[in-house]
Amino acid sequence: MADIFDPPSLIPLLTGNDAVLSALGPRGRTATSVCSTAVAGIIEAMAGAGVRRIVAISAQPVLRGGAGEPWWHRLTTRPLLRTIYRHVYRDLERMERTLSASDTDWTVLRPPYLTDDPPVGRYRTAMDASVPGWSLARSDLARAMLDALDHPATIRRALGVGPN
């Protein structure tokens, strides 16, 4: 049985695979380190299994500069969200720093609020910037994760992803 916090237990699952997709996320808004701790372990297991590629989900508000967002969003909504979900975003920021410091071929996707709505089948991305939009269907985000795997231009980059 594999345990996300036990890197040696992940090695058999990763061996023979080309990539890792991480859709980890915390429950609630309390202090957490689930994403940053798990990704550190995944990176360790990837090295043991000979896997270089990882695509991980972060969140739109982790982008501090607000590139790609309307000015009013940067001044109103973003600060409110960063306050309410401060523990979650701190963990995601640590996760992103861990990926950046690794020698893996990582890509981080930063979506807006995720929903269980039916897929639209389309999405937009922006390198190192947010894509305007309030929400994105989880299934459309899953498609974006799979699509990012085959695009070398996304390696070692963060992509905003949002509705089309």
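Each remark here, short or long, concerns the structure printed above.
Below is a summary of the structure that appears in this document. Remember, predicted model here, so these are calculated numbers, not experimental data. (Residues numbered from 1 in each chain as written. Predicted model: local features only at pLDDT ≥ 70, side-chain atom pairs only at ≥ 80, totals over all residues. Heavy atoms only, no water.)

### What about the sheet that holds strand 5 (residues 123–127)?
Pairing is mixed across the open sheet formed by five strands, whose spatial order is 1-2-3-7-5. Edge positions in the sheet fall to strand 1 (19–22) and strand 5, since each has one partner strand and no second. If you compare each strand with its neighbour and ignore which way they point, the axes differ by 20° on average. Taken together, the five bridges between strand 5 and strand 7 (residues 157–163) define a ladder with antiparallel strand orientation. Across the sheet, the residue bridging to T125 is V161, located in strand 7. Of the strands in this sheet, strand 1 and strand 2 (53–57) touch helix 2 (residues 34–49), which is tilted by about 170° from strand 1. (Pairing = 2+ DSSP bridges. Helix = DSSP H or I, 4+ residues; strand = E, 2+ residues; numbered from the N terminus. Axes fitted to C-alpha atoms, helices over the stretch in contact; angles between N-to-C directions. Contact = heavy atoms within 4.5 Å.)

### Digging into helix 2
With 16 residues, helix 2 should reach 22 Å at 1.5 Å per residue; the first-to-last C-alpha distance of 22 Å fits that figure. Those residues of helix 2 not exposed but buried are C35, S36, A38, V39, G41, I42, I43, A45, M46 and A49. Where helix 2 is buried, its residues touch helix 1 (7–14), strand 1, strand 2 and helix 4 (86–101). Where helix 2 ends, the next residue or the one after it, G50, has phi of about 75°, a positive value. (Expected span 1.5 Å × (residues − 1). Buried < 20%, exposed > 50% of the residue type's maximum accessible area, 1.4 Å probe, protein only.)

### Section: the packing of helix 1 against helix 2
Where helix 1 contacts helix 2, the two axes come as close as 8 Å, and the packing angle between them is 50°. As judged from the angle between their axes, helix 1 and helix 2 are oblique. Helix 1 and helix 2 meet at a crossing whose hand is right-handed. Contact with helix 1, carried on its side by P7, L10, I11 and L14, involves G41, I42, E44, A45, M46, G48 and A49 of helix 2 and no other residues of that element. Classifying every residue of the contact of helix 1 with helix 2 by side-chain character gives eight nonpolar, two polar and one charged. (Parallel < 35°, antiparallel > 145°, perpendicular 65-115°, else oblique. Left-handed = near helix turned anticlockwise from the far one by under 90°. Nonpolar A, V, L, I, M, F, W, Y, C, P; charged D, E, K, R; others polar.)

### Remarks on the pairing of strand 2
Taken across its five residues, strand 2 has five buried, putting it largely inside the fold. Residues R53, V55 and I57 of strand 2 are buried on one face, and the alternating residues I54 and A56, pointing to the opposite face, are buried as well. Two elements, strand 1 and strand 2, share four bridges in a ladder whose sense is parallel. Bridging from a neighbouring strand, S22 pairs with A56 of strand 2. One ladder, built from five bridges, connects strand 2 with strand 3 (residues 105–110); its direction is parallel. The residue bridging R53 from the neighbouring strand is D105, located in strand 3.

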